[in-house]
Amino acid sequence: MRTDLHELLRSLRVWDPEVTTLPSFDPAAAPAAPLPLFTTWFAEAVAAGQPEPHTMSLATSDAAGLPDVRIVMLHGADDDGWSFATHATSHKGGQLAARPHAALAFYWPVLGRQVRVRGPVTAAPARESQGDLHARSTGALAAALTGRQSEVLDSPEELARASRSAWERARREPDAPAPTWTLYRLAPDTVEFFQGEERRRHVRLNYRRVREGWRRELLWP
C-alpha cells in the first residue's frame, strides 16, 4: 500500500480538544527562578502519564559550527545546571569539547508543554561521572562498558559479542570503571517554558540570567 506523507501530515491534529485537555498557565504566578517551575512541570508530566518525560533533545555544534541533535536522558537538575552523560569520545563528546555550549528541549505533548534550556556546558570530574554511572542500572553500565560509541560498526555480530562481554562484566563487577563515560552539566543562560493553548494563544515565559539573578519576560507565540 502506498503511503502519502503529505496526506498523513494533513490528517494529524495538534492538541485536539476532543482528545487533549491542556492545563492553564499563569506566568504572573511563576517563581522567580526557573528550576522550581521545571521541577513542578516535570512532576506534572509524570503524573499525567507522559511516556519517558526524562528524555530530551540535546543540540550541539561541531568545530565548524554545523549543528547536530539527538535524544538523551536527563540525569538531574539542580542549582549547578541540567545534567546528562555520554562518552567523551563520542560525537557529542567531541563537539562539546570543541564548542562547550548546548541547548536542551523537553516536549511533553500530553500537557502541550515544552521547556528549552540553553547555556555553557562543563564536564564533571571523573570520580563524579563514575559515581553517577554506578548509581544507575546494570544495563546502563553494560552499555557504557561496550564503548566505541559513534565509531563505525563492521557487523551486528561484532556488537553482539562486545555487548555480551560487557553485560557479563557489569554483573560481575558492578563498580567496573568506564573511563570515557562523562557527566556533563549545562548551566542555563536562558530557560523558556511553553504552554500550548487550543486557540493558539500559547504562553511563552522566558527566564534570562542577569547579574542580579533571573529576569522573566513573555514572548510572542
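These lines cover the structure that appears in this document, whether it is placed above or below. Note that the structure is a prediction, hence the values are computed from the model and not measured.

The rules we used
- Residues numbered from 1 in each chain as written.
- Predicted model: local features only at pLDDT ≥ 70, side-chain atom pairs only at ≥ 80, totals over all residues.
- Heavy atoms only, no water.
- Helix = DSSP H or I, 4+ residues; strand = E, 2+ residues; numbered from the N terminus.
- Buried < 20%, exposed > 50% of the residue type's maximum accessible area, 1.4 Å probe, protein only.
- Contact = heavy atoms within 4.5 Å.
- Areas by Shrake-Rupley, 256 points an atom, 1.4 Å probe, with all protein chains shown as cover.
- Axes fitted to C-alpha atoms, helices over the stretch in contact; angles between N-to-C directions.
- Parallel < 35°, antiparallel > 145°, perpendicular 65-115°, else oblique.
- Left-handed = near helix turned anticlockwise from the far one by under 90°.
- Nonpolar A, V, L, I, M, F, W, Y, C, P; charged D, E, K, R; others polar.
- Salt bridge = Lys/Arg side-chain N within 4 Å of Asp/Glu carboxyl O.
- Patch = residues over 30% accessible without salt bridge, like charges linked within 9 Å, V, L, I, M, F, W, Y side chains within 5 Å.
- Polar contact = N/O pair within 3.5 Å; in protein donor to acceptor, adjacent residues only side chain to side chain.

## Regarding the overall build of the protein
- Check the secondary structure of the protein and you find six helices and ten strands.
- With the C-alpha coordinates aligned to their principal axes, the bounding extent of the protein is approximately 60 × 55 × 40 Å.
- The burial tally for the protein puts 37% of its 221 residues in the buried class.
- Long-range pairs, those at least 24 residues apart, make up 65% of the contacts in the protein with a sequence separation of at least 6.
- Surface summary for the protein: the accessible area is close to 13300 Å², and the carbon and sulfur share equals 54%.

## Section: the packing of helix H5 (residues 138-146) against helix H6 (residues 156-172)
- Direction vectors running N to C along H5 and H6 enclose 130°, while the axes themselves pass 8 Å from each other. In terms of axis orientation, H5 runs oblique to H6. Our pair here, H5 against H6, has a crossing hand that is right-handed. Of the residues in H6, those in contact with Thr138, Gly139, Leu141, Ala142, Leu145 and Thr146 of H5 are Leu159, Ala162, Ser163, Ala166, Trp167, Arg169, Ala170 and Arg171.
- Classifying every residue of the contact of H5 with H6 gives eight nonpolar, four polar and two charged.

## Overview of the pattern of salt bridges
- Taken as a whole and judged by the stated rule, the model has twelve salt bridges.
- Among the ionic pairs, Arg70 bridges to Asp68, the shortest N-O distance being 3.4 Å.
- Taking the relative accessible area as the measure of exposure, Arg70 reaches 17% and is therefore buried.
- Residue Asp68 is classed as partly exposed on the basis of its relative accessible area of 30%.
- Glu192 serves as the salt-bridge partner of Arg204, at 2.7 Å between the closest nitrogen and oxygen. Of the two residues, Arg204 is situated in strand S9 (residues 203-210) and Glu192 in strand S8 (residues 190-195); the sequence distance between them amounts to twelve residues. For the pair Arg204 and Glu192, a shared accessibility class is recorded, and that class is buried.
- Residues joined by salt bridges that share partners form a network here, namely Arg116, Glu192 and Arg204.

## Thoughts on unusual backbone geometry
- Even without a glycine there, the phi angle at Glu52 is positive, about 45°.
- Relative to the helices and strands, Glu52 resides in the loop between helix H2 (34-47) and strand S1 (55-61).
- Glu52 sits in the exposed class, given a relative accessible area of 53%.
- In this structure, Ser150 takes a positive phi of about 80° despite not being glycine.
- Looking at the element boundaries, Ser150 is found in the loop between H5 and H6.
- A relative accessible area of 35% places Ser150 in the partly exposed class.

## What to know about a nonpolar patch on the surface
- Taken together, the side chains of Leu5, Leu9 and Leu12 present a nonpolar region at the surface, about 330 Å² in accessible area.
- Checked against the element boundaries, Leu12 lands in the loop between helix H1 (5-11) and H2.

## Some points on the side chain of Gln95
- Tracing the chain through its elements places Gln95 in helix H3 (residues 91-98).
- Looking at Gln95, its side chain comes within polar contact range of the side chain of Asp68, at 3.2 Å.
- Side chain to side chain, Gln95 and Arg70 meet in a polar contact 3.1 Å long.
- Each residue touching Gln95, except ones within four places of it in the same chain, is listed here: Thr60, Ser61, Asp62, Asp68 and Arg70.

Coordinates in, geometry out; function isn't part of it.
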